[in-house]
Amino acid sequence: MFYYFNKDAGESEIRLDSELVAHFKARRQSLGDIVKLSKLDGLLHEYEIVFMQRNDIRLSLKNTFEFKTNKSGLRLALAMIEIDSILEIAPYLNELGLEELFLVYTDFSQKSYKFDEKKLAKLEKILHNSSSQCARADILKITILNSLSELAKLYKDFILIDFNKNDLCEFNKDCLYVIGPEGGFSEKERKLFKTQGLKISNILKAKTAVIGISAKILM
């Protein structure tokens, strides 16, 4: 754990909530330890554990540093898939350094897949935990769109990744790629927007493809 996310980071004195107390105990933090906290506002704070008794842990601010992430500039779009699958892949995309992920309802997306407040809060918590572990000073931005037409209003030029084609050899970080749902894109979508394929013989799941493309471009 490089740092702990805490909304009160920057305050001179902090009394930890029960969740962070549990994290501290799991990592065997001790009285007098120096720990790092951030609320992802561009600053990283060092605190000393000055009181530790059962479920009561208190910290005192010692130092503050600038804490910023070098933006990758990479944005990808993924057709809306099962929410559990998105929660599963989000920390990996965050760790790789993907800057923004558009979740787009395409013609073959299941419209029943929706984020409510509880699921959005869970996603945010997952991303905060991921950034804390990989020393990222922000979290992956998630933008939800109702259609490819909405995406076209934001980006004039993007490419649909067609799993039935195998003619794509190189990726350009400045281009926006759209990974389709398991059922692929509709004929209407294929006619309206540019498509390219993946140079791979196996048929990939959407969640595998988005991680693979992110890694190929960023690493």
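Residues numbered from 1 in each chain as written. Predicted model: local features only at pLDDT ≥ 70, side-chain atom pairs only at ≥ 80, totals over all residues. Heavy atoms only, no water.

Visitor: I'm lost on the pattern of salt bridges in this one. Help?
Guide: Pairing is possible between side chains that carry opposite charge, provided their charged atoms lie close to one another. Taken as a whole and judged by the stated rule, the model has 12 salt bridges. Note that Asp56 is salt-bridged to Arg58, the shortest N-O span being 2.7 Å. Judged by its relative accessible area of 12%, Asp56 is buried. Among the salt bridges present, the one from Glu100 reaches Arg75, with a minimum N-O distance of 2.9 Å. One end of the pair, Glu100, is in strand 7 (residues 100-104); the other, Arg75, is in strand 6 (residues 75-79), with 25 residues separating them in the sequence. Residue Glu100 is classed as buried on the basis of its relative accessible area of 6%. We classify Arg75 as partly exposed; its relative accessible area is 26%. Several salt bridges converge on common partners, so that one network encompasses Arg75, Glu99, Glu100 and Lys141. (Salt bridge = Lys/Arg side-chain N within 4 Å of Asp/Glu carboxyl O. Buried < 20%, exposed > 50% of the residue type's maximum accessible area, 1.4 Å probe, protein only. Helix = DSSP H or I, 4+ residues; strand = E, 2+ residues; numbered from the N terminus.)

Visitor: I would appreciate a short explanation of the side chain of Ser186 in the present structure.
Guide: If you trace the backbone, Ser186 turns up in the loop between strand 10 (176-179) and helix 5 (187-192). Setting aside residues no more than four positions away along its own chain, Ser186 makes contact with Asp107 and Phe108. (Contact = heavy atoms within 4.5 Å.)

Visitor: So what exactly am I meant to see when it comes to unusual backbone geometry here?
Guide: Most peptide bonds adopt trans geometry, and most residues besides glycine take a negative phi value. The backbone phi angle of Arg28 is positive, close to 55°, even though this residue is not glycine. When you line up the elements, Arg28 lands in the loop between helix 1 (18-26) and strand 3 (34-38).

Visitor: I keep staring at the packing of aromatic side chains and nothing clicks. Help me out?
Guide: Aromatic ring pairs are defined here through the distance separating the ring centres and the angle between the ring planes. Here the structure, examined in full by the defined rule, presents seven aromatic pairs. Ring geometry for Phe102 against Tyr155: centres 5.7 Å apart, planes inclined by 75°, an arrangement best described as edge-to-face. In this pair, Phe102 is assigned in strand 7 and Tyr155 in the loop between helix 4 (148-154) and strand 9 (158-162), connecting sequence segments 53 residues apart. On the basis of relative accessible area, Phe102 is assigned to the buried category, the value being 3%. Look at Phe158 and Phe193: their rings are 5.0 Å apart centre to centre, the planes differ by 35°, and that puts the pair in the tilted class. Of this pair, Phe158 sits in strand 9 while Phe193 sits in the loop between helix 5 and strand 11 (194-197), and the two are 35 residues apart along the sequence. By the burial criterion, Phe158 is buried, and Phe193 matches it. The ring of Phe51 has Arg58 lying over it, and the distance from NZ or CZ to the ring centre is 4.7 Å. (Phe/Tyr/Trp six-rings, centres within 6.5 Å; stacked < 30°, edge-to-face > 60°. Lys NZ or Arg CZ within 6 Å of the ring centre and 35° of its normal.)

Visitor: I tried to follow the pairing of strand 9 on my own but got confused; where do I start?
Guide: Within a regular strand, side chains alternate between the sheet's two faces. Counting buried positions over the five residues of strand 9 gives five, a clear majority of the element. Residues Phe158, Leu160 and Asp162 line one face of strand 9 and the alternating positions Ile159 and Ile161 line the opposite face, and both faces are buried. Pairing of strand 9 with strand 10, which is carried by four bridges, proceeds in the parallel orientation. Directly across from Phe158, in strand 10, lies its bridge partner Leu176. Alignment of strand 9 against strand 11, held across four bridges, turns out to be parallel. Note that in strand 11 the partner of Leu160 across the bridge is Thr195. (Pairing = 2+ DSSP bridges.)

Any functional reading would require information beyond the geometric quantities listed.
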